[in-house]
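Understanding the architecture of this molecule
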Amino acid sequence: MLDSCKLKSACNLPLICNKKIHTVGTSNADVPLADPGMYQLDITLKRGQSLAARDRGGTSDPYVKFKIGRKEVFRSKIIHKNLNPVWEEKACVLVDHLREPLYIKVFDYDFGLQDDFMGSAFLDLTQLELNRSTDVTLTLKDPHYPDHDLGIILLSVVLTPKEGESRDVFQSQSLRLSDQHRKSHLWRGIVSITLIEGRDLKAMDSNGLSDPYVKFRLGHQKYKSKIMPKTLNPQWREQFDFHLYEERGGIIDITAWDKDAGKRDDFIGRCQVDLSALSREQTHKMELQLEEGEGHLVLLVTLTASATVSISDLSANSLEDQKEREEILKRYSPLRIFHNLKDVGFLQVKVIRAEGLMAADVTGKSDPFCVVELNNDRLLTHTVYKNLNPEWNKVFTFNIKDIHSVLEVTVYDEDRDRSADFLGKVAIPLLSIQNGEQKAYVLKNKQLTGPTKGVIYLEIDVIFNAVKASLRTLIPKEQKYIEEENRLSKQLLLRNFIRMKRCVMVLVNAAYYINSCFDWDSPPRSLAAFVLFLFVVWNFELYMIPLVLLLLLTWNYFLIISGKDNRQRDTVVEDMLEDEEEEDDKDDKDGEKKGFINKIYAIQEVCVSVQNILDEVASFGERIKNTFNWTVPFLSWLAIVALCVFTVVLYFIPLRYIVLVWGINKFTKKLRSPYAIDNNELLDFLSRVPSDVQVVQYQELKPDPSHSPYKRKKNNLG
């Protein structure tokens with residue numbers, strides 16, 4: 001079994017370690033002492049010869065997987081466009097018996113498609129001599145076509161028995177954190193990529209145009225750009241980051257596609273960026289020719305040093321070291337406002353333990369491990385085997401790029417033969433965290449709409465610069481590049497329709513109210529409205545618009561602090577979310593019984609688009625309401641500051657000067673900064689305000705004290 005650092009491919013979790021040392025058959029936590037059946041297998045993957053061609057150009061992009069007992073223990077890097085690849089990679093594997101052979105499988109990497117099988121072979125470990133390097137030549141075969149010649153793989157292996165002290169030395173070098181390396185940075189740097197534009201792309205549609213989008217891949221990290229409809233010269237202006245796990249950098253695979261509703265997307269072309277050829281701490285403008293197609297892509301690529309992201313044991317956390325704590329506080333003090341605006345704050349998460357988890361295995365136990373996510377940063381704990389009350393005692397640290405981010409902690413059950421099972425999840429907005437307080441969070445279901453079994457104990461500290469955080473609020477929000485695909489759901493479509501209807505009804509009711517004043521349904525009210533209308537129109541100035549919004553925010557604030565909170569819990573949204581969860585469960589159980597609508601792909605695409613538009617419109621209205629309702633006090637205070645500034649500016653400065661400055665800025669923006677990413681500050685601000693659905697998802701559930709196993713033990717003793 002893999003321990004602290006492991007790859008969970010089924011959960012779309014990235015590899016988070018930079019050492020190629022793995023254990024098989026047992027965890028690092030539960031290795032028997034002086035087991036004579038424990039062996040260390042050192043593998044050197046040298047090269048391949050005369051491998052099978054799987055691409056249209058008569059080449060392949062081969063990589064090799066090594067497996068023992070159906071568990072992947074090592075995966076090589078990809079060698080592009082080569083039938084005689086040279087890897088020269090080393091791996092160290094700990095095995096607990098020699099009965100299971102070492103399986104070697106070779107694949108051709110195809111970005112965006114399923115990788116092609118290039119052949120397999122196996123090595124009988126019982127035939128190896130101990131403590132001696134053995135050169136091995138393996139002939140690749142396809143079980144379905146045994147007569148085909150698929151080439152050979154050359155290895156060098158050394159099998160060494162591990163006993164007593166020597167085995168302990170190996171364990172100290174394994175993926176668990178040793179005393180000498182309690183703080184291990186899990187990636188070596190960050191690649192910032194800005195997709196600027198495409199030029200003269202290939203026309204794939206009958207109208208002589210295309211609907212292009214671009215996919216990026218670096219290792220297990222993926223990003224998909226937005227779709228630009230009906231153009232051969234798209235302007236994307238999108239920025240995103242990848243993590244660098246390799247010292248040499250690695251290769252970014254880029255493919256361009258044409259979106260087609262109702263059928264498979266058309267391939268436009270591909271290109272690559274070799275990061276090892278780029279200098280660090282410098283922005284590189286790249287114009288890349290698309291291979292197997294037409295046109296160019298224009299990118300900006302910047303390699304920077306790694307941010308402060310680490311895993312450590314509970315006894316070695318940063319904030320308990322007084323000197324380190326002072327350095328962190330100094331780094332985010334108000335005096336360092338303009339020093340690295342992207343570095344907003346510091347987050348430390350202590351994952352202590354969980355209690356009363358769901359039993360996912362037939363034995364009535366689980367093998368839980370924890371995934372801690374902040375935007376696109378993902379770190380994992382080790383697995384605690386056969387335990388429903390695991391203790392991890394790990395400390396994770398992150399750099400905060402956006403104070404409005406949500407910390408997600410998910411508990412999974414590790415399964416040897418299939419994808420990891422979901423056990424529970426919590427989502428915690430950073431602004432809602434109380435520093436230094438150990439809390440028991442009730443685990444929720446996948447949709448975060450209701451409780452599942454178990455609680456998790458976390459202690460979280462957030463340190464940030466409020467001015468930097470406010471400025472970052474007005475720039476585009478970081479997009480998660482590993483997200484579930486949108487799917488059609490009857491309940492989700494209905495929920496979004498009802499949410500939008502509620503927003504529209506607010507406007508309709510306001511229109512009815514105004515019309516009733518015109519109709520003199522209530523003479524006193526109409527008379528008051530008429531007098532107010534005359535007064536406002538006669539004395540109207542532009543600065544009164546932000547002033548009215550400012551007064552509305554202030555009025556709601558005083559209502560809340562006086563105990564007259566007019567915010568009502570949104571039980572309608574909660575009920576709809578619960579119905580959606582039931583439908584998801586039903587879909588999971590009856591996955592093969594698909595309705596007619598799921599078989600008509602084109603109609604489904606249209607319905608998903610309508611579903612998403614309804615969600616966006618409803619969310620927009622809910623975010624405005626929640627800004628004035630003080631759902632997130634930090635954002636409401638920021639709105640008050642902004643409205644005060646706007647009111648003063650409009651009061652003292654004539655409108656023509658304001659419009660003149662705005663127009664000059666808009667016309668000269670591309671001249672001053674040709675590759676600047678367009679954004680709307682107001683929409684960026686509202687994107688940080690949670691919608692009603694998100695408010696329900698982020699609500700903290702109260703744990704039931706009677707469910708604690710420690711409490712039950714105490715009661716039993718009594």
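The structure presented is a predicted model; accordingly, all values stated were derived computationally and were not measured.

Structural notes on the packing of aromatic side chains
For any pair of aromatic rings, geometry is given as the distance between the ring centres together with the angle between the planes. Taken as a whole and judged by the stated rule, the model has 18 aromatic pairs. Ring geometry for Phe 66 versus Phe 74: centroids 5.6 Å apart, planes at 40°, classification tilted. The rings of Phe 216, Tyr 223, Phe 240 and Phe 242 are connected pair by pair, giving a single aromatic cluster. Lying over the aromatic face of Trp 257, Lys 215 brings its terminal NZ or CZ to 5.2 Å of the ring centre.

A few points about the sheet that holds strand β13 (residues 221-224)
Spatial ordering of the open sheet is given by β13-β12-β15-β16, a layout of 4 strands whose pairing is antiparallel. Of all strands in the sheet, those with a lone pairing partner are β13 and β16 (266-274), marking the two edges. Going across the sheet, the axis of each strand differs from the next one's by a mean of 15°, ignoring polarity. Where strand β15 (residues 251-258) lies against β16, 8 bridges are found, and the strand directions are antiparallel. Bridge pairing in β16 places Ile 251 opposite Asp 274.

Considerations on the nonpolar core
Formed by 46 residues in total, the largest nonpolar core has its most connected members in Leu 347, Val 351, Ile 456, Leu 458 and Ile 460. By residue number, the principal contributor to this core is helix α10 (residues 633-652), which donates 6 residues. Apart from the residues lying within four places of it in its own chain, the contact partners of Leu 458 are Lys 350, Val 351, Val 409, Val 426, Ile 428, Glu 437, Gln 438, Lys 439 and Tyr 441. Of all hydrophobic cores here, the second largest spans 33 residues; its members include Val 73, Ile 104, Leu 123 and Leu 155.

Focus: the environment of Leu 102
Structurally, Leu 102 can be placed in strand β6 (residues 102-108). In this structure Leu 102 comes out as buried when scored by relative accessible area, which is 0%. As for Leu 102 and Phe 66, which are separated by 36 residues in sequence, their C-alpha atoms are 6.8 Å apart. Setting aside its immediate chain neighbours within four residues, Leu 102 contacts Leu 41, Ile 43, Phe 66, Lys 67, Ile 68, Ala 121, Phe 122, Leu 123 and Leu 125.

Conventions and cut-offs
- Sequence positions are assigned chain by chain, starting from 1 and proceeding in written order.
- A pLDDT threshold of at least 70 governs which residues receive local features in this predicted model, and a stricter bar of 80 or more applies before side-chain atom pairs are shown or counted, although totals over entire chains, interfaces and linings include all residues.
- Note: side-chain values were computed over all heavy atoms of the structure, leaving out hydrogens and water.
- Between 30 and 60 degrees the pair is tilted, below 30 it is stacked and above 60 it is edge-to-face, where a pair is any two Phe, Tyr or Trp rings, Trp via its six-membered ring, whose centres lie within 6.5 Å.
- Charge over a ring is defined by NZ of Lys or CZ of Arg lying within 6 Å of the ring centre and within 35 degrees of the ring normal.
- At least two DSSP bridges between two strands are required for those strands to pair.
- A run of H or I in DSSP becomes a helix once it reaches four residues, and a run of E becomes a strand once it reaches two; helices and strands are each numbered from the N terminus.
- Orientation is described by lines fitted to C-alpha atoms, with helices fitted over the stretch in contact, and by angles between N-to-C directions that extend from 0 to 180 degrees.
- Here, nonpolar core refers to any group of buried Ala, Val, Leu, Ile, Met, Phe, Trp, Tyr and Cys residues whose side-chain atoms link them within 4.5 Å.
- Note on exposure labels: buried denotes an accessible area under 20% of the residue type's maximum, exposed denotes more than 50%, and partly exposed covers the range between, all computed with a 1.4 Å probe on protein chains only.
- The contact criterion used is simple: two residues touch if any of their non-hydrogen atoms lie within 4.5 Å.

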